[in-house]
Amino acid sequence: GLPSSDTPLNPRITGTIKCDGFRIEKVIFESRPKNYVTANLYIPDNITSPRGAVLFLSGHNKEAKHSEEYQIVCRYLVRAGLVVLSQDPIGQGERFSYYDKSTGETIVRWGSGEHDYAGSQCWLLGDGIARYFVHDAMRGIDYLCTRPEVDPMKIGVTGNSGGGTQTSLLMMCDPRIAAAAPATFIMNRRTFLHTDNPQDSEQIWPGFTKHGFDHEDILISMVPKPVLVLAVTSDFFPIEGTKETVDRTKRFWSMYGKENNLQLFVDDSDHHYTRAMAKKAAEFFAEHLLGQKILL
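So, here is what we can say about the structure in this document. Given the structure is predicted, the values throughout are model-derived calculations rather than measurements. (Residues numbered from 1 in each chain as written. Predicted model: local features only at pLDDT ≥ 70, side-chain atom pairs only at ≥ 80, totals over all residues. Heavy atoms only, no water.)

**Remarks on the overall build of the protein**
Note the following rule: Numbering of helices and strands runs from the N terminus, with a helix taken as a DSSP run of H or I at least four residues long and a strand as a DSSP run of E at least two residues long. The quantity called the radius of gyration is restricted to C-alpha atoms. Its globule counterpart is 2.2 Å times the number of residues to the power 0.38. A simple rule labels every residue: compare its accessible area, found with a 1.4 Å probe on the protein chains alone, to the largest value its type can have, and call it buried under 20%, exposed over 50%, or partly exposed in between. In this description, contact between two residues means that some pair of their heavy atoms is separated by no more than 4.5 Å. Note on areas: Shrake-Rupley, 1.4 Å probe, and residue coverage restricted to the protein chains presented here. Under the counting rule used here, the positive set is Lys and Arg, the negative set is Asp and Glu, and His together with the chain ends is not counted. By convention, the charge on Lys lies at NZ, on Arg at CZ, on Asp at CG and on Glu at CD.
The number of helices and strands found in the protein is 8 helices and 11 strands. The C-alpha atoms of the protein give a radius of gyration of 18 Å, which matches the 19 Å a tight globule of 296 residues would have. Counting only C-alpha atoms, the protein reaches 55 × 50 × 35 Å along its principal axes. Considering the protein as a whole, with its 296 residues, one finds that 55% of them fall into the buried category. In the protein, the share of contacts with a sequence separation of at least 24, taken over all contacts with a separation of at least 6, comes to 70%. For the protein, the computed accessible surface area is about 13300 Å², with 51% contributed by carbon and sulfur atoms. Positive and negative charge centroids in the protein, built from 32 and 36 side chains respectively, lie 5 Å apart.

Here is the structure:
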């Protein structure tokens, strides 16, 4: 189950930054009443009709949408002609739930600290914090659909690490997604168990092991839509699992004669949304959401 998505977004634009070839609007909307999501909307100059857009979901970076790594990705996307909404997840960027105004500090550590602190409370109530992460992302899609610059039928999603988790959740939960590029997350459960690594509460989905769920199911949920899996050679999400999962699911796209709609791009790097991945994502979304073949 998910929270209600019929409450007013009450969006506000708190400022605008003019850039070379695009502008950035500072946006706040309410995913649920009084639950504020902070975001940046990148809009190309000289838009004359609705066009494709991409929701960018931040991974575990304290600055989230304001981090240089993620701004680089958004700049590649907007310069490819796409509208981009980059929003902060819970516990990052401008969204600290346990912020003490008197000291200017958080009383619960940002990122995974806050995710697990709130997530543990959710489990005790038979709830799960993942549903709030994906619901915030779905409301981001709702906001994009209100914008005159955006074609609601041509909305994609991307993000890496924790943003790859959110991207994967959105791929499964929101049929409005027309194309997706999950980064540094897709793998398989078997190879990940060998790493002995923990995961945040939003990355642990109770009951899915019991039902035989794996990352193959995340990809299959998008068949036959375009999916670009982005990965790196040196990751704590094993590249062996990534390649195996992509190879095992290709046949489902082939059933529709769309084998080219599932792609894998691997950069020689560690766990980041690299510049090479950003270029590949921009080319991918430009092709499938704008109908334009570009080479960056």
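**Quick word on the pattern of salt bridges**
Just so we agree on the cut-off: Put simply, a salt bridge is a Lys or Arg side-chain nitrogen that is within 4 Å of an Asp or Glu carboxyl oxygen.
With the rule as written, the count across this model stands at 18 salt bridges. We note a salt bridge from R23 to E25, for which the minimum N-O separation is 3.2 Å. Using a relative accessible area of 26% as the deciding quantity, one classes R23 as partly exposed. Exposure remark for E25: the relative accessible area of 6% places this residue in the buried category. Note that R176 and D142 form a salt bridge whose closest N and O atoms lie 2.6 Å from each other. Note that R176 is positioned in the loop between α4 (162-173) and β9 (177-183) and D142 in helix α3 (residues 130-146), a separation of 34 residues in sequence. Given a relative accessible area of 15%, D142 falls into the buried group. Here the salt bridges do not stand alone but share partners, grouping R23, E25, R147 and E149 into one network.

**Details of the nonpolar core**
The criterion, for reference: In this description, a nonpolar core means a group of buried Ala, Val, Leu, Ile, Met, Phe, Trp, Tyr and Cys residues linked to one another through side-chain atoms lying within 4.5 Å.
One finds L41, L55, L144, L170, L219 and V227 to be the most contacted residues of the largest nonpolar core, which totals 43 residues. A total of 7 residues in this core trace back to one element, the largest contributor, which is α3. Residues contacting L41, with those up to four places away along its chain left out, are R23, I24, E25, V27, V83, V84, L85, Y143, L144 and R147. Listed in part, the 32 residues of the second largest apolar core include L77, L82, A286 and L289.

**A look at the environment of R32**
Keep this limit in mind: Whenever a nitrogen or oxygen atom comes within 3.5 Å of another N or O atom, the pair is scored as a polar contact, on the condition that within protein one atom can donate a hydrogen and the other can accept it, and that pairs from neighbouring residues in sequence are kept only if both atoms are in side chains.
Considering the arrangement of structural elements, one finds R32 in strand β2 (residues 22-32). Residues R32 and H135 lie 103 residues apart in sequence; the distance between their C-alpha atoms is 9.1 Å. Residues in contact with R32, not counting those within four places in the same chain, are P3, T7, Y132, H135 and D136. Reaching out from R32, the side chain makes a polar contact with the side chain of H135 at a distance of 3.5 Å.

**Considerations on the side chain of T38**
Looking at where T38 falls in the secondary structure, it is placed in strand β3 (residues 35-44). A relative accessible area of 9% means that T38 is categorised as buried. Within the structure, T38 has its side chain in polar contact with the side chain of D88 (distance 2.7 Å). The contact partners of T38, leaving out residues within four places of it in the chain, are V27, I28, K65, S86, Q87, D88, E94 and R95.

**Notes on the side chain of R139**
Mapped onto the elements, R139 comes out in helix α3. Taking the relative accessible area as the measure of exposure, R139 reaches 3% and is therefore buried. Among the polar contacts made by the side chain of R139, one reaches the main-chain carbonyl oxygen of T7 at a distance of 3.0 Å.

**Comments concerning the sheet that holds strand β4 (residues 51-57)**
Applicable threshold: At least two DSSP bridges between two strands are required for those strands to pair. For helices, the fitted line uses only the C-alpha atoms of the stretch in contact; every axis is such a line through C-alpha atoms, and the angle between N-to-C directions lies from 0 to 180 degrees.
The sheet built from 9 strands is open, its strands ordered β1-β2-β3-β5-β4-β8-β9-β10-β11 with mixed pairing. The two strands at the open ends of the sheet, each matched to only one other strand, are β1 (12-18) and β11 (262-267). Taking each pair of neighbouring strands and ignoring which way they run, the sheet shows an average axis angle of 20°. Direction of pairing for β2 relative to β3: antiparallel, over a ladder of 10 bridges. Note on β3: the bridge partner recorded for R23 is I43. Docked against the sheet, helix α7 (residues 239-255) engages β10 (227-232) and β11, running at close to 165° with respect to β11.

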